[in-house]
Structures are given as structure tokens and as C-alpha cells.
Amino acid sequence: MKKLIAKYDSQLNGGYLLLVLLIIQLFIVAVLPIRMHALIYDIVLTLIYLSLTLVIDQKRTIWFFYIIVLIVMEWLFELLELAILSQISYVLTLFLFPYVILRFIAMIMHSKKVNALVLLQSINAYLLLGLLSSIAINFIITFNPSSFNFPDTGLFADGVSRLSEFQYYGLVTISTLGFGDITPATPLARSVSTFITIIGQLYIAIILAMLVGKYSGESKK
């Protein structure tokens, strides 16, 4: 019993930490001076990777190895500016985040009642989906810089990559707001944008249905 309580507390604390880091990454970094974006983005993303070890119940050795490899590649790219490491780290993240999101959905599905941990997992999974969208967009742009049309010419503002704009477009697309200031310009970009929109709507519909069903079941009991 004590082990279950300790496990729950660990996941709950990890969930709060992950939520704070995701809020910083998606909503606060964008308002900081643009020349600070790349460094802060990498720092917060590293902390997000580490926080996932607290919220996912997984074999520690394999899990930590995967996370450490991802972090090392992320920082080697930042320090040495090696494009190949950047692409590998993107690919690893594009596998990691969907796995974590699916694990969250499975944990919500198998939970017997709606508690603080379930609500945290629901919110964190949606924000991770938004961050994953921005990383997928960034990955596409590394191969074809003209994949998206930006309000200003080019992918850089004052010589600095506009990471916050990728995150903005990912969140706007996943929530189906579609302001139209950033638009996909190639078939691949349009296809990925459409996929992001559909996944975002399906997630909300499925999670809300599960949460309402569990809460209604508790009320009847």
C-alpha cells in the first residue's frame, strides 16, 4: 500500500512539474527577447525530458538511457551546430512524445475515478501534443525552409530562428483556430497541418468522453 501511495505521489509531483515546464515552454518563452529563445527552449525542453521519467511508470534503465541519449544529442547540436544530430534528436522526440501521450491516455482509460493525477495527465497530454506539433513543423522546415509562409520573409527574425512561431502555429492548428497569418505552402506541410488538426479534435473528444463517463459513474455509485 505504501509503495502505491509513494508511486502516486511521485507521478502527481512529476505531473505538476511537467505542467509548469510546458506552460513556460509554450506560453512564456515567446514573450522573452527573441535572442534568448533558442537557449531557453533547449534548457526547458531538457527539463521536460527529465520530468517524463517521473510521470511514466517504465523500466528505469531503458527509459533513462533513451532520455539521456536524446538530451546529449540536443546539446551537442546546440554546441557544435551539427545538423545530423539535430535531425536525429527530432526523430527521437517524434517517437518519444507520441509514446508518452499514448501512455497518458492508457493511464486515464484504466483509472477507476477522476482524481488530480488523471486531470493532470489529460492537460499535460494535450500540451505535449501541441509541443509535438511544433517539433514536427520544425522538422519539416529543416528539409524545406519554404514549407510554410510566414508574415515576414524567411524563417529568421534579426538572424534568430523563430522557434516561438513554430509553437504558436502548432497550438493554433491543434485547436483549429486557424488565424491564417502562418500558412502551409507545400503538400507535405498541408498534410501534416491537417493531421495535427484532426488529432487535436479527436483527443479532446475522446478524453472528454472518458472523463465525463468516469465522473458520471462515480456520481451514480
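About the thresholds
Note that residues are indexed from 1 along each chain, following the sequence as it is written. For a predicted model such as this one, the threshold for reporting local features is a pLDDT of at least 70, and the threshold for listing and counting side-chain atom pairs is 80 or more; totals across whole chains, interfaces and linings nevertheless cover every residue. Derived side-chain values reflect all non-hydrogen atoms in the structure, with water molecules and hydrogen atoms excluded from consideration. Secondary structure follows DSSP: runs of H or I at least 4 residues long count as helices, runs of E at least 2 residues long count as strands, and numbering of each begins at the N terminus. What a helix should span is 1.5 Å times the count of its residues minus one. Note on exposure labels: buried denotes an accessible area under 20% of the residue type's maximum, exposed denotes more than 50%, and partly exposed covers the range between, all computed with a 1.4 Å probe on protein chains only. Two residues qualify as a contact provided that any one of their heavy atoms is within 4.5 Å of a heavy atom in the partner residue. For every element, the axis is a line fit to its C-alpha atoms; helices are fit only across the contacting stretch, and the angle between N-to-C directions ranges from 0 to 180 degrees. Relative orientations are named as follows: roughly parallel for angles under 35 degrees, roughly antiparallel for angles over 145 degrees, roughly perpendicular for angles from 65 to 115 degrees, and oblique for any other angle. With the far helix as reference, a near helix turned anticlockwise by less than a right angle produces a left-handed crossing, and one turned clockwise produces a right-handed crossing. When residues are sorted by character, Ala, Val, Leu, Ile, Met, Phe, Trp, Tyr, Cys and Pro go into the nonpolar class, Asp, Glu, Lys and Arg into the charged class, and all the rest, Gly among them, into the polar class. The definition of a polar contact used here is a pair of N or O atoms within 3.5 Å, where within protein one atom must be able to donate a hydrogen and the other to accept one, and adjacent residues in sequence count solely through side-chain atom pairs.

Chemist: What am I meant to see in helix α6 (residues 163-174) here?
Modeler: For an α-helix the count is 3.6 residues per turn, leaving residues at separations of three or four pointing the same way. Spanning 12 residues, α6 covers 17 Å between terminal C-alpha atoms, matching the ideal 16 Å at 1.5 Å per step. Of all the 12 residues making up α6, 11 are buried; the element is thus mostly covered by neighbouring parts of the structure. Every buried residue belonging to α6 is among Leu163, Ser164, Glu165, Phe166, Gln167, Tyr169, Gly170, Leu171, Val172, Thr173 and Ile174, and all of these are buried. Phi turns positive, to about 60°, at Thr176, one or two residues after α6.

Chemist: Please clarify how unusual backbone geometry should be interpreted in this entry.
Modeler: Glycine aside, a negative phi is what most residues show, and trans is what most peptide bonds show. For Thr176, which is not glycine, the phi dihedral falls at a positive 60°. Along the chain, Thr176 turns up in the loop between α6 and β4 (183-184). With relative accessibility at 41%, the residue Thr176 sits in the partly exposed group.

Chemist: Before we go on, may I ask you to explain the side chain of Asn138 in this structure?
Modeler: For Asn138, the position within the fold is in helix α5 (residues 116-143). Overall, the relative accessible area of 9% leaves Asn138 in the buried class. Apart from residues no more than four positions distant in its own chain, Asn138 is found in contact with Tyr90, Leu163 and Phe166.

Chemist: Sorry, what's going on with the packing of α5 against α6 here?
Modeler: For any two helices packed against each other, one specifies the crossing angle of their axes together with the interaxial distance. In contact at an axis separation of 8 Å, α5 and α6 are set at 125° when each is read in the N-to-C sense. The pairing of α5 with α6 is recorded here as oblique in orientation. In the crossing of α5 with α6, the sense of the turn from one axis to the other is right-handed. Facing α5, whose interface residues are Tyr126, Leu129, Gly130, Leu131, Ser133, Ser134, Ile137, Asn138 and Ile141, α6 presents Leu163, Phe166, Gln167, Tyr169, Gly170, Leu171 and Ile174. Grouping the amino acids of the contact of α5 with α6 by side-chain chemistry returns 10 nonpolar, 6 polar and no charged.

Chemist: Would you explain the side chain of Ser122 in this entry?
Modeler: For Ser122, the location among the structural elements is in helix α5. Looking at Ser122, its side chain comes within polar contact range of the main-chain oxygen of Val118, at 2.9 Å. Look past the residues within four positions of Ser122 in its chain and what remains in contact with it is Ile108, Tyr203, Ile207 and Leu211.

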